[in-house]
Amino acid sequence: MFSMFRSATSLIKPLAVALVALVALVALVAISLGVSAANPPAPSPTPTLGQATPAAAQPQSAIPEAPQLAATGYILIDGETGETLADKNADQRLPPASLTKMMSSYLVIDELVRGRINETNMVNISVKAWKMEGSRMYVKEGTQVSVIDLLRGEIIQSGNDATVALAEYVGSTEDAFVDMMNKKAVELGMKSTHFQNAAGLPAPDHYTTARDLATLARAVIYNHPQHYPLYAEKEFKYNNIRQPNRNRLLFLDPTVDGLKTGHTEEAGYCLVASAKREGTRLIAVVLGTKSENARAEETQKLLSYGFRYFETVGLYKANTEVTKTRVWSGKLPEVVLGLPKDIRMSLPKGRVNDIKANVHVNETIKAPITAGQELGSLTIELDGKIINTQPLVALQPVEEASFFARMWDKIKLFFRGLFS
């Protein structure tokens, strides 16, 4: 009997020690969690871009409706961000006439940028190019003309002959070049566009939309900035024939620096124009007006409206700290979060201080973490509506902690789950 009592006593003692140790551990974890709750390392306070009042009390924008234009379809976008500011029938398929040459010249310049051809390369002028009707550069069959001269003839003089000559030079045949045009349209995101020739002559299955042309205009401006100034040249002389740029806004508005006009009986008078004022670039596409004067006047109305009521604003820089958040099982206690790219938006003028930004971070973030790993999001609101959402990413890597540090964090996470 006495030996049994001694055996029981010997078992109770280590159990008691283990129980005390467990209680101490729970207390320690609770204290740790309490300290963490009292002094959370992250996320840091929500960034705000002004002292925004509650959504219900915010003043609504006083921007009037966009002007109604005497045109079949049109669109106005922020050139930098691509945001639509005004539109009508922007997705209606319409004949583009010589606006087609924006794509033709884009492909030629693409070849120049890639180094596959040079501006000084001489192009043989075929009979087909020489015989082209409509607007012409007046090249002669059997002669050779440089690539850069033909580009000016296509962009400034809207020469159908120059366009076909370049199409044959780049694509071997115009048909092969048109196939390249259609593939490039898909690549650029022009969802409702199909070309049947390089110059924009009327054809049953040759169409585009105002929205797609705005997309193409952005590509011309931002993908090939070194060649975009060609669209601003006011005249070009070739073969002793001087012709002015058909874009009248180049002569009327010093902030307009391109792009292209078009006209056929089917398409009416069309214009794609871009202008830049005080750091804001706008692109206007106007299709199906009744005259040269009308297309210039209606486009000017659209641009004036956009510059009067909107501005392009930089809100956040890429790769700069937006917030910090807790990291579990990591060598670092927290990780810095930021944006992978700048946030620039087109906003109603004077409303930037009404913007509110909200940070959303994943609930439990564990190491290892790689730089650029998405760990949350940033939403931007105006008048109580979310107008932009961007991912928040880790701006630096975080390696795993030691084995014992990871085990300790796992215990804390376990008890945090129990207490929560």
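Up top is the structure.
Owing to the predicted nature of the structure, the values given are computational and were not obtained by experimental measurement. (Residues numbered from 1 in each chain as written. Predicted model: local features only at pLDDT ≥ 70, side-chain atom pairs only at ≥ 80, totals over all residues. Heavy atoms only, no water.)

As for the sheet that holds strand S8 (residues 256-264)
Item 1. Strand order in the open sheet formed by five strands is S3-S2-S10-S9-S8, with antiparallel pairing between adjacent strands. Every other strand in the sheet has two partners, leaving strand S3 (84-88) and S8 as the edge strands with one partner each. Averaged over all adjacent pairs, the angle separating strand axes in this sheet is 5°, with direction ignored.
Item 2. Bridge count for strand S2 (residues 73-78) against S3 is four bridges, and the pairing is antiparallel. Within S3, the residue paired with Leu76 across the bridge is Ala86.
Item 3. Each of S2, S3, S8, strand S9 (268-277) and strand S10 (280-289) touches helix H9 (residues 292-309); the most contacted strand, S10, lies at about 145° to it. (Pairing = 2+ DSSP bridges. Helix = DSSP H or I, 4+ residues; strand = E, 2+ residues; numbered from the N terminus. Axes fitted to C-alpha atoms, helices over the stretch in contact; angles between N-to-C directions. Contact = heavy atoms within 4.5 Å.)

Digging into the pairing of strand S13 (residues 334-338)
Item 1. Judged by how many residues are buried, S13 sits mostly within the fold: four of five residues are covered.
Item 2. In the sheet, strand S12 (residues 321-326) pairs with S13 via five bridges, with the strands oriented antiparallel. Bridging from a neighbouring strand, Glu321 pairs with Gly338 of S13.
Item 3. Sheet topology note: the S13/strand S17 (residues 385-394) ladder contains two bridges and is antiparallel. Paired with Leu337 across the strands is Ala394, a residue of S17. (Buried < 20%, exposed > 50% of the residue type's maximum accessible area, 1.4 Å probe, protein only.)

Examining the environment of Thr261
Item 1. Tracing the sequence through the fold places Thr261 in strand S8.
Item 2. Counting along the chain gives 25 residues from Thr261 to Val286, while the straight-line C-alpha distance between them is 9.7 Å.

Looking at the layout of surface pockets
Item 1. Space inside the second largest pocket adds up to approximately 240 Å³.
Item 2. In terms of residue count, S8 provides more of the lining of the second largest pocket than any other element does, five residues in total.
Item 3. Looking at the lining of the second largest pocket residue by residue, the class counts come to five nonpolar, ten polar and five charged. (1 Å grid on protein atoms, 1.4 Å probe; cavity = no way out; pocket = protein on both sides within 12 Å on 5 of 7 lines; lining within 4 Å. Points joined across faces, edges and corners; volume = space filled by probe spheres on them. Nonpolar A, V, L, I, M, F, W, Y, C, P; charged D, E, K, R; others polar.)

With respect to empty space enclosed by the protein
Item 1. According to the stated counting rule, one finds one cavity of 30 Å³ or more in the structure shown.
Item 2. The computed volume of the largest cavity comes to approximately 30 Å³.
Item 3. If you trace the largest cavity, you find it lined by Pro95, Pro96, Ala97, Gly200, Leu201, Pro202, Ala203, His206, Thr264, Glu266 and Ala267.
Item 4. Each residue belonging to the lining of the largest cavity can be placed in one class, and the counts come to seven nonpolar, three polar and one charged.

What about the packing of aromatic side chains?
Item 1. One pass over the full model with this rule turns up three aromatic pairs.
Item 2. Here Tyr305 and Phe310 contribute two aromatic rings whose centre-to-centre distance is 6.1 Å and whose plane-to-plane angle is 65°, an arrangement assigned as edge-to-face. Both residues of the pair, Tyr305 and Phe310, count as buried.
Item 3. Connected via pairs of aromatic rings, a cluster forms that spans Tyr305, Tyr309 and Phe310. (Phe/Tyr/Trp six-rings, centres within 6.5 Å; stacked < 30°, edge-to-face > 60°.)

With respect to the pattern of salt bridges
Item 1. Tallied over the entire structure, the rule returns 18 salt bridges.
Item 2. Between Lys184 and Asp110 there is a salt bridge, with its nearest N and O atoms 3.1 Å apart. Taken together, the positions of Lys184 in helix H6 (residues 174-188) and Asp110 in helix H2 (residues 101-113) put the pair 74 residues apart, joining distant regions of the chain. Accessibility assignment for this pair places Lys184 and Asp110 in one class, buried.
Item 3. For Asp179, the salt bridge is made with Lys183, and the minimal N-O distance between the two is 3.3 Å. A residue pair is termed a helical-turn pair when its members lie 3 or 4 positions apart in one helix, as Asp179 and Lys183 do in helix H6 at four residues. (Salt bridge = Lys/Arg side-chain N within 4 Å of Asp/Glu carboxyl O.)

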